[in-house]
Amino acid sequence: MPWRLIAKAFGWRAATDEDRETPILVVWHPRLRRHFTGTDAWRCAVRVSIHAPKPCPADVGRKEVQS
């Protein structure tokens, strides 16, 4: 699966943390203020982008009003 390509389409960006001996890939999103590191960082970014957000705690007990 082209995780990198899909994540870039959702606006995710990549950077490397080169302070260590082995550079670490950091995938981050400017609006979401989230970041992922490691070998599956692109996959995690895509999964965050395509999943619907969880409902607010105040809306959990409320039933939908159908008109």
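Note on numbering: residues in each chain are counted from 1, in written sequence order. Restriction of local features to residues with pLDDT of at least 70 applies here, the model being predicted, together with a cutoff of 80 or more for giving and counting side-chain atom pairs; totals for whole chains, interfaces and linings are based on all residues. The basis for every side-chain value is the complete set of heavy atoms in the structure, and neither hydrogens nor water enter the calculation.

Here the focus is the overall build of the protein chain. A run of DSSP states H or I qualifies as a helix once it reaches four residues; a run of E qualifies as a strand once it reaches two. Both are numbered from the N-terminal end. Helix and strand counts for the protein chain come out as 2 helices and 3 strands. Reading the protein chain from its N terminus to its C terminus gives the helix and strand order α-β-β-β-α. The contact criterion used is simple: two residues touch if any of their non-hydrogen atoms lie within 4.5 Å. Across the protein chain, the fraction of contacts at a sequence separation of at least 24, relative to all contacts at a separation of at least 6, is 29%. Only the protein chains shown count as cover for residues, and all accessible areas are computed by the Shrake-Rupley method using a 1.4 Å probe. Within the structure as shown, the protein chain displays about 6000 Å² of accessible surface, and the carbon and sulfur contribution to it stands at 53%.

For the rest of this paragraph, the subject is the packing of aromatic side chains. Centres within 6.5 Å are what make two rings of Phe, Tyr or Trp a pair, Trp counting through its six-membered ring; a difference in plane orientation under 30 degrees is then read as stacked, over 60 as edge-to-face, and the rest as tilted. Under the criterion given, the structure shown has 1 aromatic pair. Residues W12 and F36 carry aromatic rings whose centres are separated by 5.7 Å and whose planes lie at 45° to one another, so their mutual orientation is tilted. Here W12, found in the loop between helix 1 (3-9) and strand 1 (13-17), pairs with F36, found in strand 3 (residues 34-37); they are 24 residues apart in sequence, far enough to count as distant.

In this section: the pairing of strand 1. Pairing analysis gives 5 bridges linking strand 1 to strand 2 (residues 24-29), with the strands arranged antiparallel. When the bridges of strand 2 are listed, A14 appears paired with V27. Note on pairing: two strands pair once DSSP finds at least 2 bridges between them. Taken together, strand 1 and the strand that follows it, strand 2, pair antiparallel across an intervening segment of 6 residues.

Relative accessibility decides the category of a residue: with a 1.4 Å probe and only protein chains considered, values under 20% of the type maximum give buried, values over 50% give exposed, and everything between is partly exposed. Of the residues making up helix 2 (residues 41-50), those classed as buried are A41, W42, A45 and V46. Buried residues along helix 2 cover an arc of 135° about the axis, so they all sit on one side. As used here, the arc is the angular range of directions from the helix axis to the C-beta atoms.

Our next topic: the sheet that holds strand 2. Ordered in space as 1-2-3, the 3 strands form an open sheet in which the pairing is antiparallel. Only two strands of the sheet have a single neighbouring strand rather than two, namely strand 1 and strand 3. Ignoring strand direction, the axes of neighbouring strands in this sheet form an average angle of 30°. Angles shown run from 0 to 180 degrees and are taken between the N-to-C directions of axes, each axis being a line fitted to C-alpha atoms and, for helices, limited to the stretch in contact. Contacts from helix 2 reach strand 1, strand 2 and strand 3, with the element oriented near 150° to strand 3.

Excluding glycine, most residues fall at negative phi; most peptide bonds, likewise, are trans. You will see that R33, though not glycine, has its phi angle at about 55°, which is positive. Its location among the elements puts R33 in the loop between strand 2 and strand 3.

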